[in-house]
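# Structure assessment
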Amino acid sequence: GMRKCGFQLLSIGTVLVHMTMALSQLVQLYLQDGRVNVVYLTYFAATALDQLRNVVFHTLIWYTVARRCGQIESREIIFKDEGPPEDDFFSRLRTVCQQLEENRRFEILVYALVSAYAVFIMLVLAVQQELSQEVLDVCDGIDVAFLVAFLVEIVIRLLANGSAYLQDPWQFVDTTVVVVSFAFTFQSDTNKTIGMLRLLRLLRLVLVLRKAQADTKRPRAAHAGLSFTTPVDRVMETLKEVQGLKKLPQSLREKVQWCNEIIVSNKLYDINIGQDRAAENAFIESEVHEWFKMASTQDMEGQNSAMVNKQLGSLLMAGSRRVQPVQYAAVADQVIRDELHAAVTAVNNSSKNDAAEEVPAIAEEEEGSSRRTDAIQGMVQRPNMRHHSQSPGKKLAALTLDPVAVRENLDAYKDTWSFDAVHFESQTGTKLLTILAVDYFAAHDLYNAFEIPVAVLQEFAHVLERGHLKTNPYHTATHAADVLQAFHVLALLINQSRKDCLNQQDMLVGLLAAMMHDFEHPGYSNRYLIRTVHPIAMRYNDLSPLENYHVAESFNTMLTSQGGKADPLQHLTEAQYQQVRKAIIQSVFATDNDLHPQLLSTFKTKMMSKDFPSSSDDKQCLMNMLVHGADIANPTRPLEVYLKWVPRIMEEFWEQGDQEKAAGLPISPYADRQNPNVPRCQLGFLEMLVVPLFMFLERFAPAVEDARINTNAQTNRAHYLAQIEQQEAEETGQHSRRNVGRGNRNSAGMARVAQHSQAGRAGAMRVLGKFKRN
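On a predicted model such as this, the values are computed, not experimentally measured, just so you know. (Residues numbered from 1 in each chain as written. Predicted model: local features only at pLDDT ≥ 70, side-chain atom pairs only at ≥ 80, totals over all residues. Heavy atoms only, no water.)

## Some remarks on the overall build of the chain
Test applied: A helix here means a DSSP run of H or I that spans at least four residues, while a strand means a run of E at least two residues long, and both kinds are numbered starting from the N terminus. Pairs of residues are marked as contacts when any of their non-hydrogen atoms sit within 4.5 Å. With residues, only the protein chains shown are counted as cover, and all accessible areas are computed by Shrake-Rupley using a 1.4 Å probe.
Broken down by element type, the chain carries 32 helices and 0 strands. Long-range pairs, those at least 24 residues apart, make up 77% of the contacts in the chain between residues at least 6 apart in sequence. For the chain, the accessible surface area stands at approximately 44,000 Å², while carbon and sulfur atoms represent 58% of it.

## Here we look at the environment of phenylalanine 120
The line we're drawing: Partly exposed describes any residue whose relative accessible area lies between the buried limit of under 20% and the exposed limit of over 50%, with all areas from a 1.4 Å probe on protein chains only and scaled to the type maximum.
Residue placement: phenylalanine 120 occurs in helix 4 (residues 104-127). Of the residues examined, phenylalanine 120 reaches a relative accessible area of 14% and is grouped as buried. Beyond its immediate chain neighbours, meaning those up to four positions away, phenylalanine 120 contacts Cys139, Ile142, Asp143 and Phe146.

## Quick notes on the nonpolar core
Basically, it comes down to this: Side-chain atoms within 4.5 Å are what join buried Ala, Val, Leu, Ile, Met, Phe, Trp, Tyr and Cys residues into a set we call a nonpolar core.
The biggest cluster of nonpolar side chains holds 108 residues, and the ones touching the most others in it are Phe441, Met515, Ile584 and Phe603. With sequence-adjacent residues up to four places away left out, phenylalanine 603 is seen in contact with Phe612, Cys621, Leu622, Met625, Phe696, Leu697 and Phe700. Within the second largest apolar cluster, 16 residues are counted, among which are Phe120, Val124, Leu147 and Ile154.

## Things to note about unusual backbone geometry
Following phenylalanine 612, the chain continues into proline 613 via a peptide bond in cis, with omega recorded as -5°. Turning to its location among the elements, proline 613 is positioned in the loop between helix 26 (596-606) and helix 27 (616-631). For asparagine 541, which is not glycine, the phi torsion reads 55° and is therefore positive. Following the sequence through the fold, asparagine 541 ends up in the loop between helix 23 (535-539) and helix 24 (545-560). Phi angles above zero are rare outside glycine, and serine 544 is one such case at about 45°. With respect to the element layout, serine 544 can be found in the loop between helix 23 and helix 24. Given the relative accessible area of 16%, serine 544 is considered buried.

## Thoughts on the pattern of salt bridges
Going by this rule: Salt bridge, as used here: a side-chain nitrogen of Lys or Arg that lies within 4 Å of a carboxyl oxygen of Asp or Glu.
Summed over all chains, the structure comprises 22 salt bridges. A salt bridge links arginine 407 to aspartate 333, with the nearest nitrogen and oxygen atoms 2.8 Å apart. Of this pair, arginine 407 sits in helix 15 (residues 403-413) while aspartate 333 sits in helix 13 (residues 325-353), and the two are 74 residues apart along the sequence. Judged by relative accessible area, aspartate 333 falls into the partly exposed class, the value being 27%. In this structure, the salt-bridge partner of lysine 619 is aspartate 506, at a minimum N-O distance of 2.8 Å.

## Re the packing of aromatic side chains
Operational definition: Two rings from Phe, Tyr or Trp (for Trp, the six-membered ring) form a pair when their centres are within 6.5 Å of each other. A pair whose planes differ by under 30 degrees is stacked, one over 60 is edge-to-face, and the rest are tilted. For a lysine, the NZ atom is tested; for an arginine, the CZ atom; a charge sits over a ring if that atom is within 6 Å of the ring centre and within 35 degrees of the ring normal.
Applying the stated criterion to the full structure yields 10 aromatic pairs. The interplanar angle of 75° and the centroid separation of 5.9 Å between the aromatic rings of phenylalanine 603 and phenylalanine 700 together place this pair among those described as edge-to-face. Taken together, the residues span a long stretch of sequence, with phenylalanine 603 in helix 26 and phenylalanine 700 in helix 29 (residues 678-700) at a distance of 97 residues. Accessibility expressed as a relative area gives 0% for phenylalanine 603, which makes it buried. Where phenylalanine 612 meets phenylalanine 700, the ring centres are 5.5 Å apart and the plane angle is 70°; that geometry is what we call edge-to-face. One end of the pair, phenylalanine 612, is in the loop between helix 26 and helix 27; the other, phenylalanine 700, is in helix 29, and 88 residues separate them in sequence. You'll find phenylalanine 612 and phenylalanine 700 in the same group, each marked buried. An aromatic cluster of at least three residues, connected via ring pairs, comprises Phe603, Phe612 and Phe700. Just above the ring of phenylalanine 555 sits the side chain of arginine 581; from NZ or CZ to the centre is 4.7 Å.

## Topic: a nonpolar patch on the surface
As a reminder of what qualifies: Patches were defined on residues exceeding 30% relative accessible area and lacking a salt bridge, with like-charge contacts within 9 Å and nonpolar side-chain contacts (Val, Leu, Ile, Met, Phe, Trp, Tyr) within 5 Å.
On the surface, Phe89, Leu93, Val155 and Leu159 cluster together into a nonpolar patch covering about 320 Å² of accessible area. For the nonpolar patch, the elements supplying multiple residues, two or more each, are helix 3 (89-102) and helix 5 (133-161). Among the structural elements, leucine 159 can be located in helix 5. A relative accessible area of 36% means that leucine 159 is categorised as partly exposed.

## Describing helix 16 (residues 421-428)
Threshold: We define a polar contact as two N or O atoms separated by no more than 3.5 Å, with the added condition that, inside protein, one atom must be a possible hydrogen donor and the other a possible acceptor, whereas residues neighbouring each other in sequence contribute only through side-chain atom pairs.
The element helix 16 is largely enclosed, with a buried count of 6 among its 8 residues. Inspection of helix 16 places Ala421, Val422, Phe424, Glu425, Gln427 and Thr428 among the buried residues, and these make up the whole buried set. Between the side-chain oxygen at the start of helix 16 and the backbone nitrogen of valine 422 there is a gap of 3.3 Å, and the oxygen is on aspartate 420. One or two positions beyond helix 16, positive phi appears at glycine 429, with a value near 65°.

## A few points about the confidence of the model for the chain
Going by this rule: Looking at any residue, its pLDDT shows the predictor's confidence there, from 0 to 100.
Taken as a whole, the chain shows an average pLDDT of 75; of its residues, 66% reach a score of 70 or greater. Predicted confidence for residues 216-225 stays below pLDDT 50, and this span has 16 contacts to residues more than four positions away or in other chains. Contacts from residues 294-326, a stretch scored under 50 in pLDDT, to residues over four places away or in other chains number 52 contacts.

## Some thoughts on the packing of helix 27 against helix 29
Test applied: Helix axes are fitted only over the stretch in contact, all axes being lines through C-alpha atoms; the angle between N-to-C directions runs from 0 to 180 degrees. Under this scheme an angle from 65 to 115 degrees is roughly perpendicular, one under 35 degrees roughly parallel, and one over 145 degrees roughly antiparallel; angles in between are oblique. By definition, any crossing whose near helix is turned counterclockwise from its far helix by less than a right angle is left-handed, and any crossing with a clockwise turn is right-handed. Note on residue classes: Ala, Val, Leu, Ile, Met, Phe, Trp, Tyr, Cys and Pro are nonpolar, Asp, Glu, Lys and Arg are charged, and everything else, Gly too, is polar.
Packing of helix 27 against helix 29 brings their axes to within 11 Å, and their N-to-C directions diverge by 130°. Comparing the axis directions of helix 27 and helix 29 gives the class oblique. Considering the relative orientation of helix 27 and helix 29, their crossing is left-handed. In this structure, helix 27 uses Leu622, Met625, Leu626, His628 and Gly629 to contact helix 29, whose residues at the interface are Leu693, Phe694, Leu697 and Phe700. Partitioning the contact of helix 27 with helix 29 into residue classes produces 7 nonpolar, 2 polar and no charged.

What follows is the structure in structure tokens.
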């Protein structure tokens, strides 16, 4: 080691002595003649040609003598030093250069120098013709100083990264520009050389600015709130760092890229069956493949491209027996008119007669449906007396609504994020879900694509409306209509940012999932059903019992109600029906808030892929995000709309708390009516669920930002944060006043004790002395 280090130092010293002598001769020539430009070029050219000659000559000798013109194979031995690296001067120098290169201040200094250099170049080029020779000489000196600084930068990077630094084409060009510019600095007497120098300077500027732009291409800072990270994020970041290593061989770089793609595509645990070349095992291999197909969900999904294909063609068309689109649109429009007329008439009559406390149900309920609703209410043991002061229904003043005006108002807001479902509930009763469903299916041309009769969808929507308990404060048909509208708008924003990302089959899945996701909701949480050993929780083994129940009962109603006349999927082929049913089930499962972290992590990982969504699994992940986001979208509406929903959800929480208290169970968080904490409840919901989800949706589809969804969420968050700060200030003031009163009472008591006896005072002093010593 010492001998090797000594030879290196000797070689470096020899080179430095040679360069010093050469430079001294050049300086001497410059002092004698004053024309050293040609000498500089000759020196650099001779040095370059000499090195090139050495490389060619040594290679030729090695090939002809050592290997005898290729007849003898190379016997090069590669020694691998498995011991610790030697702590020599060059290792320490390289370590220092690496630390300097990784320092952010070093990068900022380089960018500052380039910026100053750019300004300097522009000024010189602008006024060069008007400057005197003395000023031009000063400018040339400044130019050389900049180039020397850039040379020092490149030397530091070369020492830090070795020859791998020049393997990057952009860095190689950057280094070449700096070195050649420095060489051409001494040939500034010809116009051609000046033009070349200017071009190289501008190229240097462009390259460095490109590096600066690459450094700034990082995700935007998240909105105020909590940040969510998973082990997958750490793994992805580590793989990116490994892939960015300059000395990483190309083969390993490709393997790291493959690992990255496997994780992003969620194929880490996919099973691959190896091919056995033995003929006697061929039949076993065939059987294994058949069993694997039977057990794999991929066979049920069909080809991945089926869900992503933008032009659905014959796959989505069940046959050629289709009514013309204009007829479907006309029928749908007439159904909406009839529904609105009936709903508005019922609301007007109810308002005039003042016969009902709450907005009436307009549906003509069947006897069987009434018995089913009563059965659900009996299963959850809902109390007879409810707190109507905060219930959805309100006593209405005398109104005279015009169906045409209501339709115009609905058309103005049905495609916007400012939609107020509670407001339209007061005008349409419980018919809002049917009206929106019929409208949105026509807007996306789903009647034609899947041969859905408008009357069938209308009847299915009626069944879903009747299945939502009107005694629930929050989970009513109005909430289902609100989720339906939110999904519709989110889908429009997604397709606006990423053209045709969601096709007609996706829209069918999302709209039906939104309509079905809370069907026959009992008004209590999964946690409550599990703790009370409810039959619904027992039936589904405590695994998302409500979501399982909603989707199962929805499909059961779809297939059995009206003898199958309420089935909008009746004309789908078997393969289509299985795809749509599976996608709806998974989308409804995604509305379970307990699965929110897993859903968010999966979407964040998949979103890193450049071609996301590129498979059916990717598309399902996106659909889960949209349906779940629509379900929790209330806090992202405008504040005046959001505040109408808060009393409803809190009342449902408190009613569950009343039941838990009556049963002797611990009261769920924020479910204690005697200790309400609405601001903290809503702020926590915003921080933990709403803001992170819509933040990632905004990154995926920038049009979400244009809809002011996250802006509304931050406004609503600030609203409740201000209330919390006000409460804390009031509690602090009350606490201070209580402490002052308690201190006065304690002082008076101590005075009475001191006056009572001298022994009492001595005892008090002993206690105080002991307290001080402790």
